[in-house]
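Take a look at the letters that make up each chain.
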Amino acid sequence: MRIALVYPSVGRGTVDWSGIPAGLARGLEALGHEPRHVPLGIPLVLRRAADALALARYRRRGLGAMTTLAVRRRTHVAHRRRVPADALVLMGTTFEIPRTIPYVTYDDMTVPQFARLQRLPDAVTRPWRARQARALEDAVACCVTGTWVADSLVADYGIDPARIATVGIGANTVSAPVDDRDWSTPRFLFVGVDWERKGGGRVVDAFRDVRRAIPTATLELIGRVPQITEPGVTVHGWLDMRTTTGRDALLAAYRRATCFVMPSRFEPFAIVHAEAGMAGIPSIGTTEGGVAEVIGPGGTTVEPGDHEALVRAMTTLADPDTARRLGELARPHAERFTWEGVALRILHQLDVLPGSAPPDGHRLA
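Cut-off values and rules
- Residues numbered from 1 in each chain as written.
- Predicted model: local features only at pLDDT ≥ 70, side-chain atom pairs only at ≥ 80, totals over all residues.
- Heavy atoms only, no water.
- Core = buried A, V, L, I, M, F, W, Y, C linked by side-chain atoms within 4.5 Å.
- Buried < 20%, exposed > 50% of the residue type's maximum accessible area, 1.4 Å probe, protein only.
- Helix = DSSP H or I, 4+ residues; strand = E, 2+ residues; numbered from the N terminus.
- Contact = heavy atoms within 4.5 Å.
- Expected span 1.5 Å × (residues − 1).
- Pairing = 2+ DSSP bridges.
- Axes fitted to C-alpha atoms, helices over the stretch in contact; angles between N-to-C directions.

Visitor: It is not clear to me how the nonpolar core should be interpreted in this structure. Could you clarify?
Guide: For soluble globular proteins, the rule of thumb is that nonpolar side chains tend to be buried together. Formed by 44 residues in total, the largest nonpolar core has its most connected members in F188, Y254, F260, I284 and M314. The leading source of residues in this core is helix α11 (residues 307-317), at 6 residues. When near neighbours in sequence (up to four residues on either side) are disregarded, F260 contacts L189, F190, V191, Y254, V272, H273, A276, I281, P282, S283 and I284. Listed in part, the 31 residues of the second largest apolar core include I3, A25, V104 and A334.

What follows is the structure in C-alpha cells.
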C-alpha cells in the first residue's frame, strides 16, 4: 500500500515534526508498505512573518504555524501536490487538505488541550478548533498517541470512541541496555531543544540543591542550552540527529545516565521518555500532558514549576537501588513504543477503508 504522510515542515528532513514522519515511514517500510512524504513547508521569510504576526496578536511565541498566513500557505501547497497514494496519514490538523483521498488523522494533542495549557481565550482558538473538527469529521479514523488525547476527542469534539484508535508513538533513538551500568553515582540527563518549555532551567536549579546533598551527582545537558557554568554540569549543546555523530553522542549519553529528567511546562507525548526507557533508565517528567503513559512504572511525574517536588524526585532517583529497580521496569514498558508497532496499528485502521484504490492509486490533489 502506498501511504502519503502529510505534515507541517520547516525543512529539517528526518527531524521534522519531532522525527515522527521519519519514524512512521521506517515502521511502514518494515511492514512492506511504501510511504510517500508530503512535507508542507513554508519559506523562511513567511515563517518569520507568521511568527511576528502571532507574537503581535497573541502575545505568545511559537504560534506562527497557527496564523492565517501559515495555514493558507500550507493549504495551498497541499492542494498543489501530486502524490500517487492509496491512503493518507494527516499529522497535525492545523491546515486544510483536499478530500480526494481516504485518510486517518494522527495527533498528539488537540486544539482545546493546547488552548487550556497555553491559557488562550476561545476567541483566538475558535478557527483552529473548527479546522481540526472538520479534519476529524472527514477522517476514516482518528489515531492518537495516547488516552490523554483520546479523552479530549470525546469530551471536546464528541467523537465516537469507536472511531478513535490509540496507536502510541515510537522511539527514534534506541539504545541497547547497559548490563554493567554503574548505578553508584547519580548521573542525570536532560535532552530538550526548547530549553524554556522543556524545563531546562528548572532542572539546573533543582540539581544545584541535589548536589549539595550528594556532591558526586552529575548532570548532562543536551539541546539549545544557554551558557551555564555549574559544578557537576556538562553542556553538550544541540546534537544534529541527522548525522551519525549526533546520534552516537546521544546514545552515549543515555548509556552513561542513571536518570532522565525533563519537567516540561507541558508535554503531549514525549518520545525522549520512551528512548530513556529503551536505554534502561528511569524518567522524571511532567504531569501536564500525556507523558505519564510513556513513563509508566519506570519513573515519576512532577507538577511543572514545583521546585521542591522536582528536588525530591531527583533525590529519590539518585538512590542507586531505586534507580536500578525503576530502570528495570522502564525497559519492558518502553518496548511497546516502536514505530513498527505504531505503523501496524495505523494500518489496521486503513485496512477497513471501504472499496479499493484504482490501478493508478489516488492522488493528494
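Visitor: Where do I start with unusual backbone geometry in this structure?
Guide: For residues that are not glycine, phi is negative in most cases, and the peptide bond is trans in most cases. Positive phi, close to 50°, is recorded for W17, a residue that is not glycine. We classify W17 as partly exposed; its relative accessible area is 23%. You will see that S18, though not glycine, has its phi angle at about 60°, which is positive. Mapped onto the fold, S18 is located in the loop between β1 (2-9) and α1 (20-30).

Visitor: Help me out: how do you make sense of the environment of R331 in this one?
Guide: Within the element layout of this structure, R331 appears in helix α12 (residues 320-334). Each C-alpha atom, one on R331 and one on P282, is 8.7 Å from the other, the two residues being 49 residues apart in sequence. With residues up to four places along the chain from it excluded, the contact list for R331 reads S175, A176, P177, G277, M278, A279 and G280.

Visitor: Explain helix α8 (residues 244-256) to me, please; I cannot follow it from the model alone.
Guide: Given 3.6 residues per turn, any residue in an α-helix points the same way as the ones three and four places further on. With 13 residues, α8 should reach 18 Å at 1.5 Å per residue; the first-to-last C-alpha distance of 18 Å fits that figure. Within the span of α8, buried status applies to G246, L250, L251, A252, A253 and Y254. Structurally, α8 contributes buried residues whose contacts are with β8 (187-192), β9 (218-223), β11 (259-261) and α9 (271-278).

Visitor: Looking at this model, I keep getting lost on the sheet that holds strand β2 (residues 34-41). Mind explaining?
Guide: Whenever strands of a sheet pair, they do so through backbone hydrogen bonds, lying parallel or antiparallel. Spatial ordering of the open sheet is given by β2-β1-β4-β5-β6-β7, a layout of 6 strands whose pairing is parallel. Lying at the two open borders of the sheet, with one neighbouring strand each, are β2 and β7 (164-166). Across the sheet, the mean angle from the axis of one strand to that of its neighbour is 25°, orientation sign disregarded. As paired elements, β1 and strand β4 (residues 87-91) share 4 bridges and run parallel to each other. Within β4, the residue paired with I3 across the bridge is A87. Packing of helix α6 (residues 147-157) onto the sheet brings it into contact with β5 (103-107), β6 (141-144) and β7, and relative to β7 it is tilted by some 170°.

Interpretation in functional terms is not warranted from these geometric data alone.
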